[in-house]
Amino acid sequence: MPGNRTIQPMRIRRDWSLAILLAVSVALASYLPVWLANDLAPDDRAFSGFLLNPIDGHTYLAKMHQGLEGSWGFQLDYAAEPGQPVFLYPFYLLLGHLAAGLGIELVDFFHAVRVTMLALMFIASYAFFNRFLESRPARWIAYGLTLIGSGLGWLGLIFGVE
């Protein structure tokens, strides 16, 4: 039938549009608890920017801070013998350089990059499923599981899981 040729491209465009919309929506939803915690912090307190695993989060900020100061080498500042800077963690050092150039606070830039990368990961996942799963329902089930299984770890806080 001649009509089938136009239905397929329209469905593909609609599926891709929905996949991108869902990717961006879920990625932004992963930022919601951080935004709320920052917004609800009492005036006499400061929110550090991390709800889950703050120890790792602050190590990322420390690495970014070294980049912010212009370094392309990572150095343990609080070691007994600090040693020379070494080219480690270039991603975080780069983020620090970019934050300095853009004039954005490190924690804000970290979360902006985190949300952006999460959305891109979702889109890449959909592209993978689209390429390797022939069944449209299987594609959407796989994508749905990816969406609810990534970036929403904060939902565990509601049930007391840390």
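Given the structure is predicted, the values throughout are model-derived calculations rather than measurements.

S.K.: Before we go on, may I ask you to explain the confidence of the model for the protein in this structure?
M.R.: For any part of a model where pLDDT is low, the fine detail of the predicted coordinates should not be relied upon. Chain-level pLDDT for the protein is 90 on average; 91% of the residues reach the 70-or-more range. Mean pLDDT across the secondary structure elements of the protein bottoms out at helix H7 (residues 155-158), with 72, and peaks at helix H4 (residues 90-102), with 98.

S.K.: So what exactly am I meant to see when it comes to the nonpolar core here?
M.R.: Proteins that are soluble and globular tend to have nonpolar side chains buried together. Core analysis: the largest hydrophobic core is formed by 14 residues, its most contacted members being Ala 19, Ala 27, Phe 122, Tyr 126, Trp 140, Tyr 143 and Leu 147. For this core, the elements supplying multiple residues, two or more each, are helix H1 (3-29), helix H5 (106-132) and helix H6 (136-149). Looking at this core element by element, the count peaks at six residues for H5. Ignoring anything within four residues of it in the chain, the contact list for Trp 140 reads Asp 15, Leu 18, Ala 19, Leu 22 and Tyr 126. With 10 residues, the next largest nonpolar core counts Leu 95, Ala 99, Phe 109 and Val 113 among its residues.

S.K.: Hey, could you run me through the packing of helix H3 (residues 54-68) against H5 in this one?
M.R.: Taken N-terminus to C-terminus, the directions of H3 and H5 make an angle of 110°; their axes are 10 Å apart at the nearest point. With respect to their mutual orientation, H3 and H5 come out roughly perpendicular. Read as a crossing pair, H3 and H5 show a hand that is right-handed. Of H5, the residues touching H3 (which contributes Tyr 60, Leu 61, Met 64, His 65 and Leu 68) are Leu 106, Val 107, Phe 109 and Phe 110.

S.K.: What is the right way to read a nonpolar patch on the surface from this model?
M.R.: Among the surface-exposed residues, Trp 72, Phe 87, Leu 94, Leu 98, Leu 102 and Ile 104 lie close enough to one another that they form a single nonpolar patch of about 590 Å² accessible area. With respect to the secondary-structure elements, Leu 102 resides in helix H4.

S.K.: Honestly, the packing of aromatic side chains in this entry has me stumped. Any pointers?
M.R.: Each aromatic ring pair is described using two quantities: the centre-to-centre distance and the angle formed by the ring planes. Per the stated rule, a full pass over the model turns up 11 aromatic pairs. Plain terms: the ring middles of Trp 16 and Tyr 126 are 4.8 Å apart, the flat faces sit at 85° to each other, and that makes the pair edge-to-face. Note that Trp 16 is positioned in helix H1 and Tyr 126 in helix H5, a separation of 110 residues in sequence. Owing to a relative accessible area of 1%, Tyr 126 belongs among the buried residues under this scheme. Both rings, one in Tyr 60 and one in Tyr 92, keep their centres 4.8 Å apart while their planes meet at 0°; by these two values the pair is stacked.

S.K.: What is the right way to look at H6 in this model?
M.R.: Side chains that are three or four residues apart share a direction in an α-helix, a result of its 3.6 residues per turn. Taking 1.5 Å as the rise per residue, H6 with 14 residues should run 20 Å; its terminal C-alpha atoms sit 20 Å apart, in good agreement. All of the buried residues in H6 are Arg 139, Trp 140, Ala 142, Tyr 143, Thr 146 and Leu 147. Down the axis of H6, the smallest arc covering the buried residues is 160°, so these residues share one side. Facing away from the buried surface of H6 by more than 90 degrees, the exposed residues are Pro 137, Ile 141, Leu 145, Ile 148 and Gly 149.

The rules behind the values
Residue indices begin from 1 for each chain and proceed along its sequence in written order. For this predicted model, a pLDDT threshold of at least 70 governs which residues receive local features, and a threshold of 80 or more governs which side-chain atom pairs are given and counted, while totals over whole chains, interfaces and linings are taken from all residues. Heavy atoms from the whole structure form the basis of all side-chain values; hydrogens and water molecules are not counted. Scored from 0 to 100, pLDDT records how confident the predictor is in each individual residue. Helix and strand definitions here come from DSSP, where helices need a minimum of 4 consecutive H or I residues and strands a minimum of 2 consecutive E residues; each element is numbered from the N-terminal end. Remark: nonpolar core denotes a set of buried residues (Ala, Val, Leu, Ile, Met, Phe, Trp, Tyr, Cys) joined through side-chain atoms within 4.5 Å. Working definition: with a 1.4 Å probe on protein chains only, accessible area under 20% of the residue-type maximum means buried, over 50% means exposed, and in between means partly exposed. For this analysis, residues touch if any pair of their heavy atoms sits within 4.5 Å. Whenever a helix is involved, its axis is fitted only over the stretch in contact; in every case the axis is a line through C-alpha atoms, and angles between N-to-C directions fall within 0 to 180 degrees. For classification, angles of less than 35 degrees are called roughly parallel, those exceeding 145 degrees roughly antiparallel, those between 65 and 115 degrees roughly perpendicular, and all remaining angles oblique. Left-handed describes a crossing whose near helix is turned anticlockwise from the far helix through less than a right angle; right-handed describes the clockwise counterpart. Candidate patch residues must exceed 30% relative accessible area and have no salt bridge, after which like charges are joined if within 9 Å and Val, Leu, Ile, Met, Phe, Trp or Tyr side chains if within 5 Å. Accessible surface area values rest on a Shrake-Rupley calculation with a 1.4 Å probe, where residue burial reflects the displayed protein chains alone. Any Lys or Arg side-chain nitrogen found within 4 Å of a carboxyl oxygen on Asp or Glu counts as a salt bridge. Classification of ring pairs rests on two measures: the distance between centres of Phe, Tyr or Trp rings, Trp counted by its six-membered ring, which must be within 6.5 Å, and the angle between planes, read as stacked under 30 degrees, edge-to-face over 60 and tilted in between. Any helix carries an expected span of 1.5 Å times its number of residues minus one. Note that the arc is computed from the directions linking the helix axis to the C-beta atoms.

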